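Results of the structural survey
Each chain, written out:
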Amino acid sequence: PDVAPFVLATQSLRELQGIGVPSILAHNRELIDVFRSALPQRWRPMVRTEGHGGTLCLPAGSEAASISERLRESAVRHDRRADTLRISFHLCND
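Residues numbered from 1 in each chain as written. Predicted model: local features only at pLDDT ≥ 70, side-chain atom pairs only at ≥ 80, totals over all residues. Heavy atoms only, no water.

The next thing to look at is helix α2 (residues 21-38). Between the first and last C-alpha of α2 there are 26 Å, a value that for 18 residues agrees with the 26 Å anticipated at 1.5 Å per step. Those residues of α2 that fall on the buried side of the exposure criterion are Ile24, His27, Asn28, Leu31, Ile32 and Phe35. Buried residues in α2, looked at end-on, bunch into an arc of 140 degrees, giving them a common side. With respect to the buried face of α2, the exposed residues turned more than 90 degrees away are Pro22 and Glu30. In this structure, the buried side of α2 is in contact with α1 (4-19), β1 (55-59), α3 (64-73) and β3 (84-88). (Helix = DSSP H or I, 4+ residues; strand = E, 2+ residues; numbered from the N terminus. Expected span 1.5 Å × (residues − 1). Buried < 20%, exposed > 50% of the residue type's maximum accessible area, 1.4 Å probe, protein only. Arc of directions from axis to C-beta. Contact = heavy atoms within 4.5 Å.)

Okay, here's the thing in structure tokens:
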């Protein structure tokens, strides 16, 4: 068997352990706060950091299509399933 995937995974896990999961979570929540502050005021209540890690699911209801379009126009990659938008924040994002 090829051991390369295990070697790569080991290095990634060491990197994450060195940074620390609490630091990664704090970074993700900071990014979510930046994202929320850039939204129009009426959309901000949909965004909360409590109970979220790096992925934010927004139950946007009837505004899902318009929010999705604005995100696309701003080059924000996201996923849309019905009326829910999903955005993933990562350690490598600033």
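Moving on from the coordinates now.
Attention now moves to a nonpolar patch on the surface. A contiguous nonpolar patch, built from Leu13, Leu16, Ile19 and Leu91 and spanning about 320 Å² of accessible area, is present on the exposed surface. Checked against the element boundaries, Ile19 lands in helix α1. (Patch = residues over 30% accessible without salt bridge, like charges linked within 9 Å, V, L, I, M, F, W, Y side chains within 5 Å. Areas by Shrake-Rupley, 256 points an atom, 1.4 Å probe, with all protein chains shown as cover. Salt bridge = Lys/Arg side-chain N within 4 Å of Asp/Glu carboxyl O.)

Another point: α3. Residues of α3 that are buried include every one of Ala64, Ile67, Ser68 and Leu71, and no others. The buried side chains of α3 occupy one side of the element, clustering within an arc of 100 degrees when seen end-on. If you follow the buried residues of α3, they end up packed against α2, β2 (79-81) and β3. Just beyond α3, the residue with positive phi is Ala75, at close to 65 degrees.

Once that is clear, we can look at the pairing of β1. Burial of β1 is one-sided: the residues Leu56 and Leu58 facing one way are buried, the residues Thr55, Cys57 and Pro59 facing the other way are not. Strand direction decides the pairing type here: β1 and β3, joined by five bridges, are antiparallel. In the strand pairing of β3, Thr55 is matched with Ser88. (Pairing = 2+ DSSP bridges.)

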